[in-house]
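# Descriptive analysis of the structure
Below are the chains, spelled out letter by letter.
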Amino acid sequence: MGAKFAAWVGITVSALLFLASAIGAIAIWEAGMYQYASADACREEFYENVASQYAVRALDYMESGEDFNFPDAKNFHYGIIKAENIDDIDLNNKDIYVASNFKGEVDEDPERFYKLCYEIGDATWFSYSGTVLGGASVGSGVQEYVSNEPIYQVVYNMSDGIFYYETSGAFYPVQVVVLTCPYAEGTKKYTFVYDFKKKMYRNARAVAVDETTTAMAEENVQETADEMIEETASMVYDVSLDSSYLIDSKVLDDVLQSEYLMFGALEDAGWPKEEWGELLLDGKPYLCDGDSIWIVDEGYLEDRVIAEETDYEVGANDILCVTHHGDDSDKQTYWVVVEKPMDVELGYSSDLFVQANTFVTFAYGLRYVIYVILFAALALGIFFFVFLLNAAGHRRDTDEIVTTWIDRMPFDVYLGFAGLALLALFFCMIQFSYYGSDLPTIVMFVTLFVAAGWVLLLSFLTFAVRIKCGKWWKNTVCFWILHGIYHVLQTILTNLALLWKAILVIGALSLVEFLVVSWDGIGRITMFWFFEKIILVPLFLLAIVQMQKLKSGAERMAEGDLEHHIDTQRMFWEFRWHGENLNSISTGMSRAVDERMKSERFKTELITNVSHDIKTPLTSIINYVDLLEKEDLKNEKAEEYLEVLERQSARLKKLIEDLMEASKASTGNLAVHLEQLEAGVSVVQIVGEFEEKLKANELTLLIDKPEKPIHILADSRHFWRVVDNLMNNICKYAQPGTRVYVNLERDGDAAVLTFRNTSKYPLNISSEELMERFVRGDSSRNTEGSGLGLSIAKSLMELMGGTFELYVDGDLFKVVLRFPLAQTTEEAVNREE
């Protein structure tokens, strides 16, 4: 924890040092430190720049009528002289200064002053930055600004035939008027543009062809007219004229075709203003009805200001945007004499001369070293960054990745909050950058920079932890949404065989309902029906899917899959309760099966224990029988009894051994050592091992195996025990004088070994019963045997990863052993382990 804290502090210090070095390197480069031969030459250049800034500032204050007297400019001593030339002027004459802060006599040595000349007029503007790296300038020219004037109303002055916009400051003539005249032969449009010089409207066609129009008129009139002609040509107007009022007058057309027009002339030509219909004033429709356009006479505009030629246009919400132009008047020459500062101190100060001296002193000495600091801070920051990435999620007391609440938050949600935090911090940094370079502002800026860096670093660290945990994208809202959509689509596709019928039925019923509810038109009932279907249809389909899930779960439980549990997490109430009941049934059945298995294990343990207890006295009996056989009894009856005793004790021993082996095999307590065996060789060995027994029982053995070797993976001892049990079973129960078939073949990825024979006893029991313990094919039990051979063989086959299948068809007895091939036995190896 301490190392991580130190790394956080180290990377923070490195970042601040890198930021300061980068800003310093840029400032040194911008200041041109590398072009000066010495620090004094550089300092002289900076002093002159500071003097220029203070001079422009003093002129600005002079023009505004204020005195330039600031305590932050204690090294600035100046005088402003209004003259064309100051070569022969006595600088100690106080009367020559328009403004000055000289104290006492002035040293007239030209090397002791900066003499700066400026041309100043009414339209002169002043610019100074207030920083040692900034500059100052004085310029002149036409100054423009835009004002927004609310339009109170549009008026038509009958005395001069002009349309005006009435604002609080003045009346502004409407610049473009478009009207439509209804002649008997059809309507015709006319466009007129206001001429500020003539104070009349001019036909736009004349404006477009008049090549003598001035440049200003071409920009403000001709372009406007051309645009309006193009716009009006493509627009359809609802003129709303009385169709009974059709003009048939060549006089009116001559008036409208004239170059200049006063709209009062239209009334003189027989077309009153009440019948002008809809007018387009600067592209906006109006009616000259006294409502949308006020009708006034000359007295209304008396003593009102009428705007002269200027730039204005109608904006949104009836706002007139007016561009005002300044006045570039005659200029006067001013000289600012600035005394060069001496013995300027070092340190933090608002005095620009002190700032310049401090900057030059340190920057000139660091102009090369600063790059070493810059790259050292970068290298150190990268080192701490890599260390923190490697240490993210690790703790000293555990080897596992440890996550925090930030790491467990959805990553896209975290990125959203982090992005908003960074935007807020950067916005605040930008705002503070406008406040200047005083110490509180710098401290606040640095604090915001550090906070932004920490947020960014924390984003990288939590991303590193998520990568180490694996599958980081799964802990995102986007993944959850896409995953949910995927599961919905998967559910629909999985249950498509069921849902398509439901969709057809619902669609048909919905169509009938729609026709009924919309019979009298689409209204509120139809909209309610539509929203009802949007909500209920998906719920109905979801209910069908849940019922299908309950049905499938119940079928799997009925088939014996007691471990299956129905997921009821997102089911509706009744469906969920029913699913939980089914799960409870499955749990109860599993518990019953477990109890039965426990009982079986108890039986197995009982058999094992009893067999073990019987085996000890039986061993003593066998030993004493063996001793008696070595004695010379000389009694035939005793020898006969001894032979019976030997035979039955051997049988009892074999029974006990079978019991113990069956118990171990069924519980999996036998050691299994899988190895590669050639199955054909083992089959051939059967002939030699059981030849005598087969002859004694008048049985003929027929073996069929492929020439190509078949390699299986099995335990050689258990494999032979299975074969031995089966062959002994055949020798005991096969019909004498019949054939015994042993076939070996390859079936896909498995080797199949088949035993077939004909039983001498009627097989009136099923194959499942034959494989149970203590069940024999000889129901009268006249033959020797324990009834455990097949059960032991089946358990041993399962332990070796194979299968044991028994088929009974009349008197035909058939056993099929299936072994995995050696080259595809990865599952069997895992089972052995």
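Residues numbered from 1 in each chain as written. Predicted model: local features only at pLDDT ≥ 70, side-chain atom pairs only at ≥ 80, totals over all residues. Heavy atoms only, no water.

### Considering the overall build of the protein
Keep this limit in mind: Put simply, DSSP H or I for four residues or longer makes a helix, DSSP E for two residues or longer makes a strand, and each gets a number counted from the N terminus. The contact criterion used is simple: two residues touch if any of their non-hydrogen atoms lie within 4.5 Å. Only the protein chains shown count as cover for residues, with accessible areas throughout obtained via the Shrake-Rupley method and a probe of 1.4 Å.
Scanning the protein for helices and strands turns up 21 helices and 26 strands. Contacts in the protein between residues at least 24 apart in sequence constitute 68% of all its contacts with a sequence separation of at least 6. For the protein, the accessible area works out to roughly 49400 Å², and carbon and sulfur atoms hold 57% of it.

### Overview of a negative patch on the surface
For clarity, the cut-off: The patches reported here contain residues having more than 30% relative accessible area and no salt bridge. Joining distances are 9 Å for like charges and 5 Å for nonpolar side chains (Val, Leu, Ile, Met, Phe, Trp, Tyr). For this analysis, a salt bridge means a side-chain nitrogen from Lys or Arg found within 4 Å of a carboxyl oxygen belonging to Asp or Glu. In this tally, Asp and Glu contribute negative charge and Lys and Arg positive charge; neither His nor the terminal groups of the chain are included. To locate a charge, take NZ of a lysine, CZ of an arginine, CG of an aspartate or CD of a glutamate.
Taken together, the side chains of E629, E636, E639, E640, E643 and E646 define an acidic patch exposed on the protein surface. Among the elements that take part in the negative patch, helix 16 (residues 636–667) stands out by supplying five residues, more than any other. Positionally, E643 belongs in helix 16.

### A closer look at the packing of aromatic side chains
Put simply, the rule reads: Centres within 6.5 Å make a pair out of two Phe, Tyr or Trp rings, where for Trp the six-membered ring is used; the pair is then stacked when the planes are under 30 degrees apart, edge-to-face when over 60, and tilted otherwise. Charge-over-ring contacts are defined here by two conditions on Lys NZ or Arg CZ: a distance within 6 Å of the ring centre and an angle within 35 degrees of the ring normal.
Counted according to the given criterion, the structure contains 32 aromatic pairs. The ring of Y260 has K198 lying over it, and the distance from NZ or CZ to the ring centre is 5.7 Å. Across the ring face of Y364, the terminal group of R367 is positioned such that the distance to the ring centre comes to 3.9 Å.

### Concerning the sheet that holds strand 21 (residues 700–704)
Just so we agree on the cut-off: A strand pair is defined by DSSP finding two or more bridges across the two strands. To get an axis, fit a line to the C-alpha atoms, keeping to the stretch in contact for a helix; angles then go from 0 to 180 degrees between the N-to-C directions.
Taken in spatial order, the five strands of this open sheet run 21-23-24-26-25, and their pairing is mixed. One side of each edge strand has no neighbouring strand; the edge strands of this open sheet are strand 21 and strand 25 (803–809). Each adjacent strand pair in this sheet contributes to an overall mean axis angle of 15 degrees, direction not counted. As paired strands, strand 25 and strand 26 (residues 812–820) are joined by seven bridges and run antiparallel to one another. The partner of E805 across the bridge, within strand 26, is V816. Contacting strand 25 and strand 26, helix 20 (residues 789–799) crosses the sheet at an angle of about 145 degrees to strand 25.

### Some words on the sheet that holds strand 12 (residues 200–203)
A sheet is described by the order of its strands in space; here six strands give the open sequence 13-12-11-10-14-15, paired in antiparallel fashion. Only two strands of the sheet have a single partner each, and these edge strands are strand 13 (260–261) and strand 15 (284–287). Summarising the sheet, strand 14 (residues 278–281) and strand 15 pair through four bridges and their orientation is antiparallel. Bridge pairing in strand 15 links L281 to K284. Those strands touched by helix 5 (residues 250–257) are strand 10 (176–183), strand 11 (186–195), strand 12 and strand 13, and its axis lies near 35 degrees from that of strand 11.

### Examining helix 2 (residues 39–63)
Inclusion rule: Expected helix span is taken as 1.5 Å per residue step, with the number of steps being one fewer than the number of residues.
Taking 1.5 Å of rise per residue, 25 residues should cover 36 Å, and helix 2 covers 36 Å from first to last C-alpha, within 8% of that figure. Among the residues trailing helix 2, G65 stands out with phi positive, at a value near 85 degrees.

### Brief notes about helix 11 (residues 439–469)
Keep this limit in mind: Each residue is assigned to one of three classes by its accessible area relative to the maximum for its type, calculated with a 1.4 Å probe on protein chains only: buried under 20%, partly exposed between the two thresholds, exposed over 50%.
Under the 1.5 Å per step criterion, the end-to-end length of helix 11 is 45 Å for 31 residues, consistent within 8% with the ideal 45 Å. Residues of helix 11 that are buried include every one of T441, L448, V450, A452, V455, L457, S459, L461, T462, A464, V465 and R466, and no others. Remark: G470 follows helix 11 within two positions and exhibits a positive phi of approximately 90 degrees.

### What to know about the side chain of S459
Applied cut-off: Between N or O atoms, a polar contact is any pair within 3.5 Å; within protein, one atom must be a potential hydrogen donor and the other a potential acceptor, and residues adjacent in sequence are included only when both atoms are from side chains.
Inspection of the secondary structure puts S459 in helix 11. Among the polar contacts made by the side chain of S459, one reaches the main-chain carbonyl oxygen of V455 at a distance of 2.9 Å. In this view, S459 contacts Y414 and A418; residues no more than four positions away in its chain are not counted.

### With respect to the packing of helix 1 (residues 2–31) against helix 8 (residues 369–391)
Definition in use: Angles are sorted into four bins: roughly parallel if under 35 degrees, roughly antiparallel if over 145, roughly perpendicular if 65 to 115, and oblique for all others. Here is the rule for handedness: rotate from the far helix to the near one, and if that takes an anticlockwise turn smaller than a right angle the crossing is left-handed, while a clockwise turn gives right-handed. Residues are sorted three ways: Asp, Glu, Lys and Arg are charged, Ala, Val, Leu, Ile, Met, Phe, Trp, Tyr, Cys and Pro are nonpolar, and all the rest, Gly among them, are polar.
The geometry of helix 1 relative to helix 8 is characterised by a closest axis approach of 8 Å and an angle of 150 degrees between their N-to-C directions. In terms of axis orientation, helix 1 runs roughly antiparallel to helix 8. Between helix 1 and helix 8 lies a crossing of left-handed hand. Classifying every residue of the contact of helix 1 with helix 8 gives 21 nonpolar, five polar and one charged.

### Remarks on the confidence of the model for the protein
Detailed conclusions should not be drawn from predicted coordinates in areas where pLDDT is low. In plain terms, the rule: pLDDT measures the predictor's confidence residue by residue and takes values from 0 up to 100.
For the protein, the mean per-residue pLDDT works out to 79, and 83% of the residues sit at or above 70. Residue range residues 209–222 is modelled with pLDDT below 50. Its contacts to residues more than four positions away, or to other chains, number 14 contacts. pLDDT under 50 marks residues 776–783. Its contacts with residues more than four places away, or in other chains, come to 20 contacts.

### With respect to the nonpolar core
Here is the rule we go by: Nonpolar core, defined: a set of buried Ala, Val, Leu, Ile, Met, Phe, Trp, Tyr and Cys residues in which side-chain atoms within 4.5 Å join the residues together.
Core analysis: the biggest nonpolar cluster contains 45 residues, and I712, F719, F755, M800, F804 and L817 have the highest contact counts within it. Residue assignment for this core shows that the elements contributing at least two residues are helix 17 (679–696), strand 22 (711–714), helix 18 (716–733), strand 23 (739–747), strand 24 (750–758), helix 20, strand 25 and strand 26. At seven residues, the largest contribution of residues to this core is made by helix 18. Leaving out residues up to four positions away in the same chain, F755 has contacts with I686, V723, L726, M727, I730, Y741, V742, F813, K814, V815 and L817. Membership of the second largest hydrophobic core comes to 41 residues, among which are V155, V174, W271 and Y312.

### Things to note about a nonpolar patch on the surface
Nonpolar side chains collect at one region of the surface, where L511, F514, L515, I522, M527, F530, F531, I534, I535, L536 and L539 lie side by side and expose about 1100 Å² of accessible area between them. Listed by contribution, the elements that provide at least two residues to the nonpolar patch are helix 13 (496–517) and helix 14 (524–558). Broken down by element, the residue count for the nonpolar patch peaks at seven residues, all from helix 14. Take F531: its relative accessible area is 47%, and that puts it in the partly exposed class.

### Topic: the pattern of salt bridges
Under the defined criterion, the tally for this structure stands at 12 salt bridges. The partner of K273 in a salt bridge is E267, with the nearest N and O atoms 3.4 Å apart. The exposure class assigned to K273 is buried, which follows from its relative accessible area of 11%. Given the relative accessible area of 28%, E267 is considered partly exposed. The salt bridge involving K794 is made with E798; its shortest N-O contact spans 2.7 Å. Of this pair, K794 and E798 both sit in helix 20, four residues apart, roughly one helical turn. A cluster of three or more residues bridged by salt bridges with shared partners is formed by E267, K273 and E274.

### A look at the pairing of strand 26
Relative to strand 26, strand 24 runs antiparallel, the two sharing nine bridges. Bridged to N757 within strand 26 is F813. Here strand 25 folds back onto strand 26, and the loop between the two strands holds two residues, one of which, G810, carries a positive phi near 70 degrees.

### Regarding the environment of V386
Mapped onto the elements of the fold, V386 is located in helix 8. For V386, a relative accessible area of 41% corresponds to the partly exposed category. Put simply, V386 and L461 are 75 residues apart on the chain and 10.0 Å apart in space, counted from C-alpha to C-alpha.

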